[in-house]
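Next come the chains, spelled out residue by residue.
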Amino acid sequence: MESETPTGLPALLRTLRVWDVDLPDFDPESAPTDPVPLFESWFADAVAAGQVEPHVMSLATAGADGLPDVRYVMLHGADRRGWQFATHAVSRKGRQLAERPYAALGFYWPALGRQVRVRGPVVPASEAESQGDLHARSTGALAAALVGRQSDVLGDADELARVSDLAWERAGREPRTPVPSWTVYTLAPDEVEFFQGDERRRHVRLRYRRDSRQGAQGTWVKELLWP
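Residues numbered from 1 in each chain as written. Predicted model: local features only at pLDDT ≥ 70, side-chain atom pairs only at ≥ 80, totals over all residues. Heavy atoms only, no water.

**Description of the pattern of salt bridges**
And then number 1: For the structure on display, the rule yields 14 salt bridges.
And then number 2: When the shortest N-O distance is used, the salt bridge between D69 and R92 registers 3.1 Å. Here D69, found in strand β2 (residues 68–74), pairs with R92, found in helix α3 (residues 92–99); they are 23 residues apart in sequence, far enough to count as distant.
And then number 3: Residue class for R92 comes out partly exposed when judged on its relative accessible area of 46%.
And then number 4: By sharing partners, the salt bridges in this structure join E169, R170, R173 and E174 into a single network. (Salt bridge = Lys/Arg side-chain N within 4 Å of Asp/Glu carboxyl O. Helix = DSSP H or I, 4+ residues; strand = E, 2+ residues; numbered from the N terminus. Buried < 20%, exposed > 50% of the residue type's maximum accessible area, 1.4 Å probe, protein only.)

Take a look at the structure:
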């Protein structure tokens, strides 16, 4: 019996190629002892390669029910404390982080065939740091924060337009307007994985893992993973 020729989505998927670019080499032996400098280097490489929105990352959380959620947010920074992002504390992800303060981040830069995965506990910043982050951003970011109501049910698009217009007007007039629910979060990693794709599928996966014998601020253990 002859198999049917795929059509629709299956057929379309078979036409797509992965990493139709020259992939860079990655020697894990040369990786630093701390993951943040390597992340900064890879991030700069992604920008130089013309990767669209390299600062956009997936954020996975779970609430008290244990069910997973994922969405895309913007990176606000990465340093010795961890990786930073921001949202409203009263949003769905904000409530989930209050219930289960643990999350995972995912970066994908197809221009280089690279991924970075980060996971660990999440800690909210102080109100002063959170408001400072908000007011250092654009007028549009402040206007969006003033609209608020993130993840609430929207009655109709006209209501959003009215509230948004008022928020934009206020953000332009009062650029230091506080938004109490706006919160910066820091994910302090237990694990950070760097994935470099390879045309022959001999992908390089380097994982940094905290040495649990030395507590939360212990040294990093580097290990290779099978692809």
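That shown, we press on.
**So, helix α2 (residues 35–48)**
For an α-helix, the turn length of 3.6 residues means that residues three or four places apart are oriented alike.
And then number 1: Here α2 is 14 residues long and its end C-alpha atoms lie 20 Å apart, about the 20 Å a rise of 1.5 Å per residue gives.
And then number 2: Taking the backbone nitrogen of V36 as reference, a side-chain oxygen 2.8 Å away marks D34 as the first, capping residue of α2.
And then number 3: Within two residues after α2, G50 carries a phi angle of roughly 80°, on the positive side. (Expected span 1.5 Å × (residues − 1). Polar contact = N/O pair within 3.5 Å; in protein donor to acceptor, adjacent residues only side chain to side chain.)

**Things to note about a nonpolar patch on the surface**
And then number 1: A grouping of L9, L12, L13 and L16 is seen on the molecular surface, where their side chains present a nonpolar patch of about 430 Å² in accessible area.
And then number 2: Positionally, L16 belongs in the loop between α1 (8–14) and α2. (Patch = residues over 30% accessible without salt bridge, like charges linked within 9 Å, V, L, I, M, F, W, Y side chains within 5 Å. Areas by Shrake-Rupley, 256 points an atom, 1.4 Å probe, with all protein chains shown as cover.)

**Quick look at the packing of aromatic side chains**
And then number 1: Per the counting criterion, the structure on display carries 12 aromatic pairs.
And then number 2: Chaining the aromatic ring pairs together yields one cluster made of F26, W42, F194, Y208 and W220.
And then number 3: Just above the ring of W42 sits the side chain of R114; from NZ or CZ to the centre is 4.1 Å. (Phe/Tyr/Trp six-rings, centres within 6.5 Å; stacked < 30°, edge-to-face > 60°. Lys NZ or Arg CZ within 6 Å of the ring centre and 35° of its normal.)

**Let's talk about helix α6 (residues 157–173)**
And then number 1: Taking 1.5 Å per residue, 17 residues should reach 24 Å; α6 reaches 24 Å between its end C-alpha atoms and fits that length.
And then number 2: The opening residue of α6, the one whose side-chain oxygen lies 3.0 Å from the backbone nitrogen of D158, is D156.

**So, the nonpolar core**
And then number 1: The biggest cluster of nonpolar side chains holds 30 residues, and the ones touching the most others in it are F39, W83, F85 and V116.
And then number 2: Those elements that provide at least two residues to this core are α2, β1 (56–62), β4 (82–88), β5 (102–109), β6 (114–124), β7 (182–187), β8 (191–196) and β9 (204–210).
And then number 3: No other element matches α2, which puts five residues into this core.
And then number 4: Among the nonpolar cores identified, the runner-up in size contains 12 residues, and L142, A143, V179 and V184 belong to it. (Core = buried A, V, L, I, M, F, W, Y, C linked by side-chain atoms within 4.5 Å.)

**Remarks on the side chain of R205**
And then number 1: Relative to the helices and strands, R205 is located in strand β9.
And then number 2: A polar atom in the side chain of R205 sits 3.1 Å from the backbone oxygen of W226.

**Some details on the environment of F43**
And then number 1: Positionally, F43 belongs in helix α2.
And then number 2: Residue F43 is classed as partly exposed on the basis of its relative accessible area of 22%.
And then number 3: Counting along the chain gives 160 residues from F43 to H203, while the straight-line C-alpha distance between them is 19 Å.

**Here we look at the pairing of β5**
And then number 1: Note that β1 and β5 share three bridges and pair antiparallel. Within the sheet, the bridge partner assigned to A60 lies in β5 and is A104.
And then number 2: In this sheet, β6 lies alongside β5 in antiparallel orientation, the contact comprising eight bridges. What sits directly across from F107, in β6, is V116.
And then number 3: Where β5 hands over to β6, the hairpin turn is made up of four residues, of which G113 adopts a positive phi near 65°. (Pairing = 2+ DSSP bridges.)

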